[in-house]
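# Reading the structure
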Amino acid sequence: MSSGMPSYDRVCFPLADPQRRLLDRLGACADPSAYVSFLAHHVRGPLDLPRLRRAVDALTARHEPLRTAFPADEDGTVRRQCVEEPDAMPWELTVFDTPPVPAGPPLPRSDEDTLLRNFARRPFDLVRGPLARVLVVRRAAEDHLVVLAVHLLAADGWSLRILLDELGEYYADAGRATALLPPLAIQYADWAHWQAGRAARPESPLPRIPARPADGPGRRLRTAPVPVPAAGRLARQERVPLFTVLLTAFVLAARGPAASRVLVDVPVSGRDHPQLGVLAGYFIRLHRLDVSLPDAITFRQAVRRVQGAWAEAEETDAASSRLAHPPTGTGPAGDPAPAAGGVPLFSYRARDVQPRLRLEGCSVTEAPWLHDAAKVDLGLITDRVGDAVHPVLEFRPSVVPERAADRLGRSFAVLLDKAAADPDETVDPLAAGAP
């Protein structure tokens, strides 16, 4: 992929393969808000709303996916995407004053939670766009809750880090940000065309995911943080990333009591060229691991089998996609991609790829609000914070009972603890088995 792109339609162009698969999943989803990323931040200090508006507008002008719509053909199928001019598709920025004017008691927290739930549940219009919006809840003169909502079609988890970093630059000084941020050599449209051109028969439609009944509503639950220093020591001994040790604990937790083979889906960034690292968009694809785990196996032996399965999954992915460059890095970053039914998903996000919002003159911290929706039947999403990972269980009660999902989360933590105590002790499949 080069910056000297050939001439082609960069206003309306075909879907990229990850977008097509995501849209197929959306068609069977009972709760479309499950495919929206919500970033909530507590902002203390003199938040300047006009500056925030200008920063959002500058970000929209820079990244085309933030002003892209997905019109449907006459048969209702979405086959293309269209980029609008920045002025034609501004983000919605809503400010809600919780204390009565001019003064009064703040909004009860239960009412604020209702406000956030209503904000999260309001669907995006894929046909008209935009696929991002901002809610600012003004609790007091210098106390705000800022929630950014972005649809996965416009930005995956890797993109969120880019967007928040650049939003902070534009908020501080739009002129300075323009000088610091070099013009983007390519946009998502260039990658979508490049991807279509590398197919053996680009005129042929890509295979569609088989239809399935509409999904039931999902749940997302935070579980207790899990310390990882001991897991890190085992990773160093085995010369593998920490991600591999965490994935091993998940694989062992996900196997049934009598199962000798486990399938697990893992999202990877899909950014297989250096130029894609600065783009917003949806690039995520899945690696499917097929791991053989005999009953009499130690955690250390399981780590080696998982590492081998991961290498095989990468080779399979590279061969099937005919990539010029294999996926970089062993620990994927980003929001979970839609998994096929019945296969649990594991996602890990390291500290250096987590999105962080910085607003000049303000103190900004992540707000402990979690939108209760699920993209997958069963999954565990882990964020590295300090010396621990903070897991979030994601599941659909119509497919996986809450007690079974909870057991998976507890087994994951127990297995990591046992691995720290003695990685060469045989893992008891009955004690570690998940639902």
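Residues numbered from 1 in each chain as written. Predicted model: local features only at pLDDT ≥ 70, side-chain atom pairs only at ≥ 80, totals over all residues. Heavy atoms only, no water.

## A closer look at the environment of Gly232
Worth spelling out the cut-off: Under the scheme used here, helices are H or I runs from DSSP no shorter than 4 residues and strands are E runs no shorter than 2 residues, and both carry numbers assigned from the N terminus. Buried residues are those whose accessible area, probed at 1.4 Å on protein chains only, stays under 20% of the maximum for their type, while exposed residues exceed 50% and partly exposed ones sit between those limits.
Mapping Gly232 onto the fold places it in helix α7 (residues 229-238). Gly232 sits in the buried class, given a relative accessible area of 12%. As a C-alpha pair, Gly232 and Phe243 span eleven residues in sequence and 9.2 Å in three-dimensional space.

## Structural notes on the sheet that holds strand β1 (residues 12-14)
Selection criterion: Paired strands, in this sense, are two strands between which DSSP finds at least two bridges.
With antiparallel pairing, three strands are arranged side by side in an open sheet as β1-β4-β3. Lying at the two open borders of the sheet, with one neighbouring strand each, are β1 and β3 (68-69). As paired strands, β1 and strand β4 (residues 80-83) are joined by three bridges and run antiparallel to one another. The residue of β4 that forms the bridge with Pro14 is Arg80.

## Concerning the packing of helix α2 (residues 49-62) against helix α4 (residues 157-172)
So the rule is basically this: Each axis is a line fitted through C-alpha atoms, taken for helices only over the stretch in contact, and angles between the N-to-C directions span 0 to 180 degrees. Should an angle fall under 35 degrees it is called roughly parallel, over 145 degrees roughly antiparallel, and 65 to 115 degrees roughly perpendicular, with every other angle called oblique. The handedness criterion is simple: a crossing whose near helix is rotated anticlockwise from the far helix by less than a right angle is left-handed, and one whose near helix is rotated clockwise is right-handed. By the convention used here, residues are in contact when the closest approach between their heavy atoms is within 4.5 Å. In this classification, Asp, Glu, Lys and Arg are treated as charged, Ala, Val, Leu, Ile, Met, Phe, Trp, Tyr, Cys and Pro as nonpolar, and every other residue, Gly included, as polar.
Taken N-terminus to C-terminus, the directions of α2 and α4 make an angle of 130°; their axes are 8 Å apart at the nearest point. Taken together, the axis directions place α2 and α4 in an arrangement best described as oblique. Here the hand of the crossing between α2 and α4 comes out right-handed. Taken together, the residues of α4 that come into contact with α2 (itself represented by Arg51, Leu52, Ala55, Val56, Ala58, Leu59 and Arg62) are Leu163, Glu166, Leu167, Tyr170, Tyr171 and Ala172. For the contact of α2 with α4, the class distribution of residues is ten nonpolar, no polar and three charged.

## Points about the confidence of the model for the chain
Parts of the model with low pLDDT should not have their predicted coordinates read in detail. Using the following cut-off: On a scale of 0 to 100, pLDDT captures the predictor's confidence in every residue.
On average, the chain scores 82 in pLDDT, and the residues at 70 or more come to 81%. Confidence, expressed as mean pLDDT per element, reaches its minimum in the chain at helix α11 (residues 429-432) with 56 and its maximum at strand β7 (residues 143-151) with 96. Counting contacts from residues 1-7, a segment whose pLDDT is below 50, to residues more than four positions away or on other chains yields 13 contacts. Confidence drops under pLDDT 50 across residues 199-214; counting only partners more than four residues distant or on other chains, this segment forms 16 contacts.

## A closer look at the nonpolar core
Operational definition: Within this scheme, the nonpolar core is defined by two criteria: the residues are buried Ala, Val, Leu, Ile, Met, Phe, Trp, Tyr or Cys, and they are joined through side-chain atoms within 4.5 Å.
Leu47, Trp91, Val147, Val150 and Leu359 are the most contacted members of the largest nonpolar core, which has 71 residues in total. Broken down by secondary-structure element, the contributors of at least two residues to this core are α1 (17-26), β2 (36-44), α2, α3 (109-121), β6 (132-140), β7, α4 and α6 (188-197). Dropping the residues within four chain positions of it, Val150 is found in contact with Val36, Ser37, Leu66, Leu131, Ala132, Ala155 and Leu160.

## Examining the pairing of strand β10 (residues 261-268)
In terms of residue burial, β10 counts as a mostly covered element, since six of its eight residues are buried. Direction of pairing for β10 relative to strand β11 (residues 285-292): antiparallel, over a ladder of eight bridges. When the bridges of β11 are listed, Pro267 appears paired with Leu286.

## What to know about the sheet that holds β6
Pairing between sheet strands relies on hydrogen bonds along the backbone, with the strands arranged either parallel or antiparallel. In space, the five strands of this open sheet follow the order β5-β6-β7-β2-β13, with mixed pairing throughout. What marks the edges here is a single partner per strand, and that holds for β5 (92-97) and β13 (363-366). Pairwise comparison of adjacent strand axes, ignoring direction, gives a mean angle of 20° for this sheet. Packing of α2 onto the sheet brings it into contact with β5 and β6, and relative to β6 it is tilted by some 165°. In this fold α4 packs onto β2 and β7, with an angle of close to 35° to the strand it touches most, β2.

## As for the pattern of salt bridges
Under the convention used in this document: Here, a salt bridge means any Lys or Arg side-chain nitrogen found within 4 Å of an Asp or Glu carboxyl oxygen.
Enumeration according to the criterion identifies 25 salt bridges in this entry. Residue Asp165 is joined to Arg358 by a salt bridge in which the shortest nitrogen-to-oxygen separation is 3.9 Å. Of this pair, Asp165 sits in helix α4 while Arg358 is found in the loop between β12 (345-349) and β13, placing the two residues 193 residues apart along the sequence. Relative accessible area serves as the criterion here: at 35%, Asp165 is assigned to the partly exposed category. For Arg358, a relative accessible area of 53% puts it in the exposed group. Residues Asp272 and Arg285 are paired through a salt bridge, measuring 3.2 Å at the closest nitrogen-oxygen approach. Linking Asp272 in the loop between β10 and β11 with Arg285 in strand β11, this pair joins segments that are 13 residues apart in sequence. A relative accessible area of 5% means that Asp272 is categorised as buried. When salt bridges with common partners are traced through the structure, they connect Asp73, Asp75, Arg79 and Arg80 into a single cluster.

## Examining unusual backbone geometry
Note the cis peptide between Gly129 and Pro130, where omega equals -10°. With respect to the secondary-structure elements, Pro130 resides in the loop between α3 and β6. Phi at Arg239 takes a positive value of approximately 60°, unusual for a residue other than glycine.

## Comments concerning the pairing of β7
Most of β7 is tucked away: eight of the nine residues are buried. Pairing of β2 with β7, which is carried by nine bridges, proceeds in the antiparallel orientation. Each bridged residue has a counterpart across the sheet, and for Val43 the counterpart in β7 is His144. Bridging between β6 and β7 involves eight bridges; their strand directions are antiparallel. Counted as the bridge partner of Ala132 is Val150 from β7.

## Concerning the side chain of Asp377
This is how the line gets drawn: Polar contact is the term for a pair of N or O atoms within 3.5 Å; when the atoms are in protein, one must be able to donate a hydrogen and the other to accept it, and sequence-neighboring residues count only if both atoms are side-chain atoms.
Examined against the element boundaries, Asp377 turns out to sit in the loop between β13 and β14 (378-385). Judged by relative accessible area, Asp377 falls into the buried class, the value being 9%. Separated by 2.9 Å, the side chains of Asp377 and Arg396 make a polar contact.

## Focus: the environment of Ala350
Along the chain, Ala350 falls in the loop between β12 and β13. Sequence separation between Ala350 and Asp383 is 33 residues; the distance between their C-alpha atoms is 6.2 Å.

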